[in-house]
Amino acid sequence: MAKTLRTLVIGGGGREHAICWALRQSPQIEALYCAPGNAGIAELATIVELPDHDLRGLVDFARKERIDLTVVGPERPLAEGIVDEFAREKLRVFGPTASAARLESSKVFAKEFMRRHYIPTTPYRAFDRSDEALKFVAESSGPLVVKADGLAAGKGVIVCRNSDEAHLAVKKIMVERAFGSAGERIIVERLLIGEEMSVMAFADGTHVVPMIPARDYKRAQDGDEGPNTGGMGAYAPARSMEDDLFQEIYDHILEPAVRGMKTEGSPFVGILYAGLMLTDVGPRVLEFNVRFGDPETQVVLPLLKTDLVNVIGAALAGQLDWEPLSWREDVCAGVILTARGYPGRYEGGVPIEGEVRTMNNGVFCFHAGTARDGAGGLASSGGRILGLFARSATHEGAVAAAYAAVERVRIKGAQYRTDIGLRVRRVVRQRREGVARIT
Ligand code: GLY
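Throughout what follows, the structure given in this document is the object of discussion. Please read these numbers as outputs of a predicted model, since none were measured by experiment. (Residues numbered from 1 in each chain as written. Predicted model: local features only at pLDDT ≥ 70, side-chain atom pairs only at ≥ 80, totals over all residues. Heavy atoms only, no water.)

What follows is about the pairing of strand β1 (residues 5-11). Successive residues of a regular strand alternate their side chains across the two faces of the sheet. Taking burial as the measure, the 7 residues of β1 include 7 buried ones, the bulk of the element. Burial of the side chains of β1 extends over both faces: Leu5, Thr7, Val9 and Gly11 are buried on one face and Arg6, Leu8 and Ile10 on the other. Here β1 runs beside strand β2 (residues 29-36); their pairing, made up of 7 bridges, is parallel. For leucine 5, the partnering residue across the bridge sits in β2 and is isoleucine 29. What joins β1 to β2 is helix α1 (residues 14-24), and the crossover it makes is right-handed. Two elements, β1 and strand β4 (residues 69-72), share 4 bridges in a ladder whose sense is parallel. Looking across to β4, one finds that threonine 7 is bridged to leucine 69. (Buried < 20%, exposed > 50% of the residue type's maximum accessible area, 1.4 Å probe, protein only. Helix = DSSP H or I, 4+ residues; strand = E, 2+ residues; numbered from the N terminus. Pairing = 2+ DSSP bridges. Right-handed = clockwise from strand over helix to strand, strands pointing away.)

On to the sheet that holds strand β3 (residues 46-47), then. Strand order in the open sheet formed by 5 strands is β3-β2-β1-β4-β5, and the pairing between neighbours is parallel. This sheet does not close on itself; its edge strands, each paired only once, are β3 and β5 (93-94).

Taken together, the residues surrounding the ligand are Asp216, Lys218, Gly230, Tyr273, Asn289, Arg291, Gly293, Asp294, Pro295 and Glu296. Note that a nitrogen atom of the ligand is positioned 3.3 Å from one of the backbone N or O atoms of glycine 230. A distance of 2.9 Å separates a nitrogen atom of the ligand from a polar atom in the side chain of glutamate 296. Considered on its own, the ligand offers 200 Å² of accessible surface; in the complex 91% of this is hidden by protein. (Near = heavy atom within 4 Å. Polar contact = N/O pair within 3.5 Å; in protein donor to acceptor, adjacent residues only side chain to side chain. Areas by Shrake-Rupley, 256 points an atom, 1.4 Å probe, with all protein chains shown as cover.)

One pass over the structure, following the stated rule, counts 10 aromatic pairs. With centroids separated by 6.1 Å and ring planes inclined at 20 degrees, the aromatic side chains of phenylalanine 109 and phenylalanine 113 adopt a geometry described as stacked. With phenylalanine 109 and phenylalanine 113 both in helix α6 (residues 107-116), this residue pair falls 4 residues apart, about one helical turn. Judged by relative accessible area, which is 0%, phenylalanine 113 ranks as buried. Note on phenylalanine 366 and phenylalanine 389: the rings are 5.8 Å apart at their centroids and 45 degrees apart in plane angle, and the pair reads as tilted. Within this pair, whereas phenylalanine 366 is found in strand β21 (residues 363-367), its partner phenylalanine 389 is found in strand β24 (residues 384-392), the two being separated by 23 residues in sequence. (Phe/Tyr/Trp six-rings, centres within 6.5 Å; stacked < 30°, edge-to-face > 60°.)

Our next topic: helix α7 (residues 130-138). All of the buried residues in α7 are Ala133, Leu134 and Val137. For α7, the arc enclosing every buried residue in end-on projection is 100 degrees, short of the 170-degree limit, so these residues lie on one face. Exposed and facing more than 90 degrees away from the buried side of α7 are Lys135 and Ala138. Tucked inside the fold, the buried residues of α7 contact β6 (124-127), β7 (144-148), α8 (163-175) and β9 (186-190). (Arc of directions from axis to C-beta. Contact = heavy atoms within 4.5 Å.)

As a further point, take empty space enclosed by the protein. Applying the stated criterion across every chain yields a total of 4 cavities of 30 Å³ or more. Secondary structure elements with two or more residues in the lining of the largest cavity: α5 (102-105), α6, β9 and β17 (282-289). Element by element, the count of residues in the lining of the largest cavity is highest for α6, at 4 residues. Each residue belonging to the lining of the largest cavity can be placed in one class, and the counts come to 6 nonpolar, no polar and 6 charged. (1 Å grid on protein atoms, 1.4 Å probe; cavity = no way out; pocket = protein on both sides within 12 Å on 5 of 7 lines; lining within 4 Å. Points joined across faces, edges and corners; volume = space filled by probe spheres on them. Nonpolar A, V, L, I, M, F, W, Y, C, P; charged D, E, K, R; others polar.)

As structure tokens, this is what we get:
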């Protein structure tokens, strides 16, 4: 197949490193650029020194370099209308318009949309006045979740064990404006108990094709303690795609969401991400995102056998019903290393040593906040530094290989969770020993 495609990936995290790696597996790629990228992405793509929010600069770059396809990683440029800008210039870009991106950029919009289309989610109340929100949480009992309406880099969701904690969360978001204007409105909902699962799907405005489900670990510390983060580790597949549960997720969540956006005049083209809680009464949507998840992408794309360029091409042509996905039989699992203090204040510029090449003996090192220092050495440049992911025939093999890879990287003060994949590891072991079944 001729290498003809000139591509641009927008973003500079672990997710974009995994997207660049997956695109590089395609025989169709002639050139790959990434803006702004990171030190790991620089192994695979030509770095473009433009921030992901410089929409005009990115359009000009794509025109000048005759880019055939742009793939947008993060939510912020999508919410700010990068797809609309590119489309106005007749540039091919993969992602939802700003209007369709409201499924992520406004939690209130997403909740009202789910209510309109009977998509199962938690009951909620929306507030634009802090006094009303404070009164509501004071009168509530039991654990609650308080969410900033707008984008807050995965940190605007605060899990509260009681109404005192919910009071502090409302104050933090609406009064102190910890997340700026994202906190002008909030959602308060009851905390759901169950197992979390992330299902990402390709959507072409009409059709939706799910990827294998992943399990993400959002809280900073072992045992799901500590503040919410962008995600501290993941594994895939989290469930079999043959499960009835998966069909239920397709029938009651993914398909109605894509149909609903179309009927409301904002057809959804791009990656639809459903963050789910599997409860005793069925799957419930915790959130929709409008892009690949991080770190879910880092465990899902290494298992995709189909050429990613073909899938994206089919989505842009409205022909996803003609593009079945095929998956490796393996498991992929991985762990994110973060700077000390993340997701709060942290210091950058910490030297990184050890085995951090993109692909090394079945282990993927997907960089996030990494940069070259003046002397050509590698140093941290963000709270999420890098992730170590391993692909293996078994769940236990993948988890063990990912943690073994962590041991081969040295970053002073770096933090990571030690229980990624642990529950499944324990259940699998118990099942082998005949004392438990996965339910
Ligand atoms: N891992 C959660 C997210 O990508 O939003």
